Amino acid sequence: MNNELIRIKEGVYDPCAFEFSDFKNESESTEYHACRFKINTFHIVCRNAKITPKKIGQFVTFWKRIEKGPIEPFTESDLIDFYIVNVRNKDQFGQFVFPKSILIKKGIISTNKKEGKRAFRVYPIWDIPQNKQAEKTQKWQLNYFYKIEKNINFDKVRELFTPLL
């Protein structure tokens, strides 16, 4: 388990009394610290986002490979409840907790009507988007974001991990 995730587990998940289990590193996307685990009964896919030199926001991959085939987007039938993206910029640290339902709604997870995405950008609260599309994306994404700091809003964290009914 990478240091970022250990810090999150000890500083956020443990105080929220979340049961963390079934951790597995993924053999591909290691540069994004790709892994899977469970929180309580929820199936989690997790990545660390990367800062890129020319664009605001952070880039993150979100794909799977079946055996030795080409990469492809995740689908609505995949066993995923949440996609977690860890973001950092110098002393700023946070986490996006995207439920599967919002990723389907935003066209990131494939359905039988639309192919999803293999990667996308996230815009943490400290990034200032430079165009209308990025502003619009940041606006919906921040509903699923919390900042990891001294006074973490644990109620917000618990709320993010509450299943959507």
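Residues numbered from 1 in each chain as written. Predicted model: local features only at pLDDT ≥ 70, side-chain atom pairs only at ≥ 80, totals over all residues. Heavy atoms only, no water.

### Concerning helix α3 (residues 132-141)
Considered for burial, the residues of α3 that qualify are Ala134, Thr137, Gln138, Trp140 and Gln141. Axial view of α3: buried residues confined to an arc of 165°, hence all on one face. Turned more than 90 degrees away from the buried face of α3, the exposed residues are Lys132, Lys136 and Lys139. Packing partners of the buried residues in α3 comprise β9 (92-99), α2 (100-105), β10 (119-122) and β11 (145-147). Residue Asn131 occupies the N-cap position of α3, its side-chain oxygen lying 3.1 Å from the main-chain nitrogen of Gln133. (Buried < 20%, exposed > 50% of the residue type's maximum accessible area, 1.4 Å probe, protein only. Helix = DSSP H or I, 4+ residues; strand = E, 2+ residues; numbered from the N terminus. Arc of directions from axis to C-beta. Contact = heavy atoms within 4.5 Å. Polar contact = N/O pair within 3.5 Å; in protein donor to acceptor, adjacent residues only side chain to side chain.)

### A few points about the packing of aromatic side chains
Under the criterion given, the structure shown has 21 aromatic pairs. For the ring pair Trp126 and Phe145, a centre distance of 5.9 Å and an interplane angle of 70° mean the geometry is edge-to-face. Linking Trp126 in the loop between β10 and α3 with Phe145 in strand β11, this pair joins segments that are 19 residues apart in sequence. Exposure remark for Trp126: the relative accessible area of 15% places this residue in the buried category. Here Phe145 falls in the buried class, since its relative accessible area comes to 7%. Ring pairing ties together the aromatic residues Phe62, Phe74, Tyr83, Phe96, Phe98, Phe120, Trp126, Trp140, Tyr144 and Phe145, which thus form one cluster. The ring of Tyr32 has Lys50 lying over it, and the distance from NZ or CZ to the ring centre is 4.8 Å. A cation over a ring is seen here: Arg88 above Phe93, with NZ or CZ 4.2 Å from the ring centre. (Phe/Tyr/Trp six-rings, centres within 6.5 Å; stacked < 30°, edge-to-face > 60°. Lys NZ or Arg CZ within 6 Å of the ring centre and 35° of its normal.)

### Quick notes on the sheet that holds β9
An order of β1-β2-β3-β8-β9-β11 is seen for the six strands of this open sheet, with the pairing classed as mixed. Lying at the two open borders of the sheet, with one neighbouring strand each, are β1 (20-25) and β11. Looking at each pair of strands side by side, their axes are set apart by 20° on average, direction ignored. On top of the sheet, helix α1 (residues 3-13) reaches β1, β2 (35-39), β3 (42-48), β8 (82-89), β9 and β11; it is set at about 80° to β9, its chief contact. (Pairing = 2+ DSSP bridges. Axes fitted to C-alpha atoms, helices over the stretch in contact; angles between N-to-C directions.)

### Some details on the pattern of salt bridges
In this structure the tally under the stated criterion is ten salt bridges. The closest approach of N and O atoms between Arg88 and Glu4, which form a salt bridge, is 2.8 Å. Remark: Glu4 occurs in helix α1 and Arg88 occurs in strand β8; sequence separation between them is 84 residues. A relative accessible area of 21% places Glu4 in the partly exposed class. Across the salt bridge formed by Arg36 and Glu26, the nearest N and O atoms sit 2.5 Å from each other. With Arg36 in strand β2 and Glu26 in the loop between β1 and β2, this residue pair connects regions lying ten residues apart in the sequence. For Arg36, a relative accessible area of 31% gives the class partly exposed. (Salt bridge = Lys/Arg side-chain N within 4 Å of Asp/Glu carboxyl O.)

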